[in-house]
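Secondary and tertiary structure notes
One letter stands for each residue in the lines below.
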Amino acid sequence: MKYVKTQIIRKKFQNLKNMQDKIINHLVARHILYPAILPCLLDVNVASRKGLGTSEGIRLYKNFHRICKVKYNTYYVLKCDISKFFASINHEILKEKLRKKIKDKDALKIVFDIIDVEENGSSIGAMTSQILTIFYLNDMDHFIKEKLKIKYYIRYQDDFLLFHPSKKYLKYCLKELEKFLDKEKLKLNKKTRIYKSTNNFIFLGRKPNGDYAKYRDVKRKIKKRIYLYKTGQIEFSGLLNSIICYNNLCKKGSNY
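Right, let's walk through the structure included here. (Residues numbered from 1 in each chain as written. Predicted model: local features only at pLDDT ≥ 70, side-chain atom pairs only at ≥ 80, totals over all residues. Heavy atoms only, no water.)

1. Quick look at helix α2 (residues 53–72)
- With 20 residues, α2 extends 28 Å between its outermost C-alpha atoms, agreeing within 8% with the 28 Å of an ideal straight helix rising 1.5 Å per residue.
- Of the residues trailing α2, N73 is marked for its positive phi of about 65 degrees. (Helix = DSSP H or I, 4+ residues; strand = E, 2+ residues; numbered from the N terminus. Expected span 1.5 Å × (residues − 1).)

2. Topic: the side chain of E56
- Within the element layout of this structure, E56 appears in helix α2.
- A distance of 2.9 Å separates the side chain of E56 from the side chain of R59, its partner in a polar contact. (Polar contact = N/O pair within 3.5 Å; in protein donor to acceptor, adjacent residues only side chain to side chain.)

3. Looking at the packing of aromatic side chains
- As enumerated under the stated definition, the model contains seven aromatic pairs in all.
- Centre to centre, the rings of F85 and F86 are 5.4 Å apart; their planes meet at 65 degrees, and the pair counts as edge-to-face.
- By relative accessible area, F85 is classed as buried at 2%.
- For the pair Y169 and Y172, a centre-to-centre distance of 5.6 Å together with 35 degrees between the ring planes defines the contact as tilted. (Phe/Tyr/Trp six-rings, centres within 6.5 Å; stacked < 30°, edge-to-face > 60°. Buried < 20%, exposed > 50% of the residue type's maximum accessible area, 1.4 Å probe, protein only.)

4. So, the sheet that holds strand β2 (residues 152–156)
- Pairing is antiparallel in the open sheet, where four strands are placed in the order β2-β3-β1-β4. On the outer flanks of this sheet lie β2 and β4 (193–196), each paired with one strand and no other. With strand direction ignored, the average angle separating the axes of adjacent strands in the sheet is 20 degrees.
- Pairing of β2 with strand β3 (residues 159–164) involves five bridges; the strand directions are antiparallel. Residue pairing for β3: Y152 is matched across the bridge by F163. (Pairing = 2+ DSSP bridges. Axes fitted to C-alpha atoms, helices over the stretch in contact; angles between N-to-C directions.)

5. Here we look at a positive patch on the surface
- On the surface, a cluster of positive charge is contributed by K167, K171, K175, R193 and K196.
- When residues in the positive patch are grouped by element, the largest group, three residues, is from helix α8 (residues 167–183).
- Classification of K171 by relative accessible area gives partly exposed; the value is 47%. (Patch = residues over 30% accessible without salt bridge, like charges linked within 9 Å, V, L, I, M, F, W, Y side chains within 5 Å. Areas by Shrake-Rupley, 256 points an atom, 1.4 Å probe, with all protein chains shown as cover. Salt bridge = Lys/Arg side-chain N within 4 Å of Asp/Glu carboxyl O. Lys, Arg positive; Asp, Glu negative; His and termini not counted. Charge placed at Lys NZ, Arg CZ, Asp CG, Glu CD.)

6. Observations regarding the nonpolar core
- In terms of nonpolar packing, the biggest core is built from 47 residues, with L98, F160, L162 and L177 touching the most fellow members.
- Elements with a minimum of two residues in this core: α1 (2–37), β1 (76–81), α4 (91–99), α5 (105–115), α6 (127–136), α7 (138–147), β3 and α8.
- Among the elements that line this core, the one with the most residues is α8, at six residues.
- Excluding anything up to four places from it in sequence, L162 contacts Y76, V77, L78, I144, I150, Y152, Y153, L170, C173 and L177. (Core = buried A, V, L, I, M, F, W, Y, C linked by side-chain atoms within 4.5 Å. Contact = heavy atoms within 4.5 Å.)

7. Some thoughts on unusual backbone geometry
- The phi dihedral of N73 falls on the positive side, at around 65 degrees, and the residue is not glycine.
- Looking at the secondary structure, you find N73 in the loop between α2 and β1.
- The phi angle at K84 is positive, at roughly 45 degrees, despite the residue not being glycine.
- You can see K84 is positioned in the loop between β1 and α3 (85–88).
- What makes K84 exposed here is its relative accessible area of 66%.

8. Structural notes on the packing of α4 against α5
- The N-to-C vectors of α4 and α5 enclose an angle of 160 degrees; their axes lie 11 Å apart at closest approach. Taken together, the axes of α4 and α5 are roughly antiparallel relative to one another. Handedness of the crossing formed by α4 with α5: right-handed. Residues H91, L94, K95, L98 and R99 of α4 lie in contact with α5, whose contacting residues are L108, V111, F112 and I115.
- Residues of the contact of α4 with α5, tallied by class, amount to six nonpolar, one polar and two charged. (Parallel < 35°, antiparallel > 145°, perpendicular 65-115°, else oblique. Left-handed = near helix turned anticlockwise from the far one by under 90°. Nonpolar A, V, L, I, M, F, W, Y, C, P; charged D, E, K, R; others polar.)

As structure tokens, this is what we get:
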């Protein structure tokens, strides 16, 4: 009986600690990271931000297809995906990026302590992790838009598209991106390739016409989010947002 009571007390203490960690996480995200990071992000980086998200990514995806079809008739899309993105985020590189945006030493220490909770990479689901992961590739976003001069570009976390009328130029872009990402300690995976406009490929679970590739894929993605929630890798708010997002996208599929 004494053992059972001890276990209950320990469980309650752990739940309290988890709740305290979540509150701290939210406060750090909203009052330190958001003011410092959000102003420097491009709107084509659509993940984990109010007013953007998957729906905005699909809207841009559809819109860029329409524009390129009218302007070029035939065009190409470089579809990139980063290998093991969350697990590969380099703490020292991330901290150096943050030093350029956050000048308060006390605030930096708090953020760095949260980053170092994970031995390697970044966790999935916490508010601080969401904003830090979309920020990690911000320099790449600017590189693509300003150095490579790609006008039609979208990124959702580690999944991104470059639209251009020249396949040769996109091959050049791919080589330059590989060099750039090597400095960030990241690599593109085998799913990265160049598609012709007439090819059928998937972005954010959608075909170019806006329809889901397979509705069973939605169920699979939701099951994965439920598993992440049950194992404590994401918060309930993250699970709920995913379910609402997938539900809305399924309803809107025929309107995109």
